[in-house]
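Okay, here's what each chain looks like letter by letter:
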Amino acid sequence: MTVQSWLEAALADAEARGLADLRPLLRSLAEATALLRRADWNEDAERGGQRSAAAARQRRPGTSGDGQR
Amino acid sequence: MDNADLPAVSIGELATRIRSGRVSAADATEACLEKIARDNPGLNAFITVLADEARAQARQSDQELSAGRDRGPLHGVPVSLKDLIDVRGVPTTAASRVRGGHVASRDATVVTRLREAGAVLIGKCNLHEFAFGTTSEDSAFGPVRNPIDPSRSAGGSSGGSAAAVATGMAFASIGTDTGGSIRIPAAACGCVGLKPSYGEIPCDGVVPLSRSLDHVGPLARSVDDAWLVYHAIAGTPAVAPLAMRDRTAPSSLRLGLAEPYFCEVLDEEVRSAFEAERARLERAGARIVHVEVPHAHEIASIYLHIQLPEASAYHASVLERRPGDYTRSVRLRLELGRYVLAEDYLRALEGREVLRREVDAALEGCDALLLPTLPIPAPRLGASAVALGGRNEPVRGLMLRLTQLFDLTGHPAVTLPCSRTASLMPCGFQLVGRRDQTTGLLEIARACENR
């Protein structure tokens, strides 16, 4: 589900449960979720691999920092 | 014998005095109990004071030492515990009405190790309810107050532990750190706080907040003291005191300073205090190298999507049966976690791996990372936002901003006191070491400590 549809459903649920105080927290969480979903490490089923070539290189073994304890 | 300074001496000094006969473990314990009787009513650092048990343990310590059985530098030293940590026969309240009537049936592993090291367990410290906060003001037992300014928070969630150590009500305390809950209050109260590497210190017998982020560690008044307590709870108490090891010289250190993100949003007094520490270290010969954590602006989002659902999963059944027994703000955040979708939790786990590799990479060219611990001095009790850089910023996000990354990545991190801010409030600077090299980090910390 999109962040917007998630937020609408969550706000309605919070309202129905008498938790109106949750609404600002849900809106803040929605912003954070949107940021998370835009991140360049997320894989892309259409193109294959990460959205970002840099993130893809970081995932491959032997790159800087990989394999350290 | 004049032991008027007893509550303020180091663990090492106390150990010396006990073995020279200048003071007994019973004297040290009584000094702490007197300090608690005097200071705790105003600070609310303790939920349970184990006076009778502590006196009995202290007598036993003195008898053992007289008989030649020396358990090491913590033998006879009064230590407190965050009230998330089980002590056999004693309630673990988690500062919550939810835990009313609970009594621990066995010691947490860290408690067993402290007993083996001869420590005297002086009491259970107040905290933010279920460790789910950064100010220690949402507690079924009332807020913990900052020893420097009681109108301010002691930080959290291990606020009681920090206040106890800072004031001499205990010589050290054991806290927990999931987003910064050892380092935040340690910085707010002016003491040392160590979050070891993830998984190093057993968490069994400790009430969880977020299992993939939870750490257990010491708060103390010096790096030397933190070293001794860390090794006791790590199960290696026989290690030599830090002062007896070959000294790391500041001039041998390369410290990585990540200014993007980590030095962008700082109270001006905190910025001045941190810059003064940086300058001091440079004068001592340390070299500052500039590093980056490229995905730093995603830290908070990643942290939220892991910590919230992990905490909510633990509390789900109680949340449904007894929601009113939580403090309001903790209840709301637990409810919030139940809305996080599994796909976003998985995205956050991937993001955590990205951050872990980036911190590893940042550490490649240096001995430790250097950054502030808290972007603001301890906030006033009841404040949900503070003015910073012309904006009203939520307190919670600010308090977590510079610490939560290393709970995500598992790197060891220690906060040390800076010189006070212009308003005379404590603040701290952090050093972060390579994963699974907590010992090395503490050696570096001792070299950097402003003593």
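Residues numbered from 1 in each chain as written. Chains lettered and ligands numbered in written order. Predicted model: local features only at pLDDT ≥ 70, side-chain atom pairs only at ≥ 80, totals over all residues. Heavy atoms only, no water.

> What is the right way to look at the overall build of chain A in this model?
When its secondary structure is counted, chain A shows 3 helices and 0 strands. For chain A, buried positions account for 35% of its 69 residues. At a minimum sequence separation of 6, the contacts of chain A that also span at least 24 residues come to 17%. Here chain A displays about 4,200 Å² of accessible surface, and carbon together with sulfur accounts for 50% of that area. (Helix = DSSP H or I, 4+ residues; strand = E, 2+ residues; numbered from the N terminus. Buried < 20%, exposed > 50% of the residue type's maximum accessible area, 1.4 Å probe, protein only. Contact = heavy atoms within 4.5 Å. Areas by Shrake-Rupley, 256 points an atom, 1.4 Å probe, with all protein chains shown as cover.)

> Before we go on, may I ask you to explain the state of the cysteines in this structure?
A covalent bond bridging the sulfur atoms of two cysteines is what the word disulfide describes. All names here are of chain B. Scanning the model with the defined rule gives 0 disulfides over all chains in all. Looking at Cys263, it has no disulfide partner, and the nearest cysteine sulfur is the one in Cys418, 11 Å off. Taking relative accessible area as the criterion, Cys263 reaches 9% and is therefore assigned buried. Unpaired in terms of disulfides, Cys418 finds its nearest cysteine sulfur in Cys427, a separation of 3.7 Å. (Disulfide = S-S within 2.5 Å.)

> Any chance you could explain the pairing of strand β6 (residues 215–220) of chain B here in plain terms?
Along any regular strand the residues' side chains alternate between the sheet's two faces. All names here are of chain B. A large share of β6 lies buried, amounting to 6 of its 6 residues. Note: strand β4 (residues 172–177) against β6, 6 bridges, orientation antiparallel. Residue pairing across strands places Gly175 opposite Gly217, the latter belonging to β6. (Pairing = 2+ DSSP bridges.)

> Help me understand the interface of chain B and chain A in this model?
Across the boundary between the two partners, chain B contributes 30 residues, which contact 28 residues of chain A. Summed over both sides, the interface between chain B and chain A buries roughly 2,900 Å², with carbon and sulfur atoms accounting for 57% of that surface. Joining chain B to chain A, the criterion identifies 4 salt bridges. Close ionic contact of Glu335 of chain B with Arg17 of chain A constitutes a salt bridge, the shortest N to O distance being 2.6 Å. (Buried area = accessible area lost by both parts, 1.4 Å probe. Salt bridge = Lys/Arg side-chain N within 4 Å of Asp/Glu carboxyl O.)

> Hey, could you run me through the packing of aromatic side chains in this one?
The geometry of an aromatic ring pair is captured by the separation of the ring centres together with the interplanar angle, meaning the angle of the planes. Residues and elements named next belong to chain B. Under the counting rule described, the total for this entry stands at 2 aromatic pairs over all chains. Seen from their ring centres, Phe130 and Tyr326 are 5.8 Å apart, and the 45° between their planes marks the pair as tilted. In this pair, Phe130 is assigned in the loop between β3 (120–125) and α5 (159–167) and Tyr326 in the loop between α9 (299–321) and α10 (328–337), connecting sequence segments 196 residues apart. Accessibility classification places Phe130 together with Tyr326 in one group, the buried group. Positioned above the aromatic ring of Phe171, the side-chain terminus of Arg221 is 5.3 Å from the ring centre. Stacked on the ring of Tyr261, the Lys or Arg Arg401 has its end atom at 3.9 Å from the ring centre. (Phe/Tyr/Trp six-rings, centres within 6.5 Å; stacked < 30°, edge-to-face > 60°. Lys NZ or Arg CZ within 6 Å of the ring centre and 35° of its normal.)

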